[in-house]
Amino acid sequence: MNVKNCVKCGKIFNYLSGRPICPSCVKNLEEEFKTVRTYVKRNPDASIAEVAEVNEVDIKQIKQWIREEKLSFSKDSAVGIDCEVCGVTIKTGRFCDTCKKTVTNDLNNAYDRPKKVEENPFANQKKETKMRFMNKDR
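Quick summary incoming for the structure in this document. One numbering rule holds for all chains: residues counted from 1, following each sequence as written. Totals for whole chains, interfaces and linings use every residue, but because this is a predicted model, local features are given only for residues with pLDDT of at least 70 and side-chain atom pairs only at 80 or more, for both listing and counting. Only hydrogens and water are set aside when side-chain values are computed; all heavy atoms of the structure are taken into account.

This part takes up the side chain of asparagine 55. By definition, any uninterrupted DSSP run of H or I lasting at least four residues is a helix, any uninterrupted run of E lasting at least two residues is a strand, and each is numbered from the N terminus. Of note, asparagine 55 is situated in helix α2 (residues 48-55). Under the rule applied, a polar contact is a pair of N or O atoms within 3.5 Å (in protein, one hydrogen donor and one hydrogen acceptor; residues adjacent in sequence only if both atoms are side-chain atoms). Of the polar contacts made by the side chain of asparagine 55, one reaches the backbone oxygen of valine 51; its length is 2.9 Å. Residue contacts are defined here by distance: any two heavy atoms, one from each residue, within 4.5 Å place the two residues in contact. The residues contacting asparagine 55, other than those within four sequence positions of it, are Thr35, Val36 and Tyr39.

Here it is as structure tokens:
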């Protein structure tokens, strides 16, 4: 059993995986998320700061939801976050389309690269070489 303190409220809870947040704080975050999502749908031109202020949610949390692709703003909105690689403004996720393609291609190339055949380290030795034993005539 893995016991940790919740990073939000400090309570001790049985940690399974993911962010170290207790079940009651996870429930509260889900309620906050629903409220924020509804506000963004009704006010598509609202800035992140405005959404955070009106809904009493931390800006970092809103950006986290955007990076997790749980929350996104309309394509017409000026609101966005920066691509983690090149800094271009994006509406949701961590990377812009160009960087996603680059990362995908790099991973595919690494996977598809032909594997080197391991060379036998004894292949260059002469075949006449034999194992020698010391005489033990004592």
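This brings us to the environment of valine 57. In this fold, valine 57 is placed in the loop between α2 and α3 (59-67). Between the C-alpha atom of valine 57 and that of threonine 35, which follows or precedes it by 22 residues, the distance is 9.8 Å.

This next bit is on the pattern of salt bridges. When a carboxyl oxygen of Asp or Glu lies within 4 Å of a side-chain nitrogen of Lys or Arg, that pair is called a salt bridge. Inspection of every chain in the model, using the stated rule, returns three salt bridges. When the shortest N-O distance is used, the salt bridge between lysine 70 and glutamate 30 registers 3.1 Å. Taken together, the positions of lysine 70 in the loop between α3 and β3 (81-82) and glutamate 30 in helix α1 (residues 23-42) put the pair 40 residues apart, joining distant regions of the chain. The partner of glutamate 84 in a salt bridge is arginine 67, with the nearest N and O atoms 3.7 Å apart. Residue glutamate 84 is located in the loop between β3 and β4 (89-90), and its partner arginine 67 is located in helix α3; the two are separated by 17 residues in the primary sequence.

It is worth spelling out α2 at this point. Buried within α2 are the following residues: Ile48, Val51, Ala52 and Asn55. Projected down its long axis, α2 carries its buried residues within an arc of 95°, all on one side. Here the buried face of α2 lies against α1, α3 and β3. Once α2 ends, the next one or two residues include glutamate 56, with phi positive near 55°. Only protein chains enter the calculation, and the probe is 1.4 Å; a residue is then buried if its accessible area is under 20% of its type maximum, exposed if over 50%, and partly exposed in between. Here, the arc refers to the directions that run from the helix axis to the C-beta atoms.

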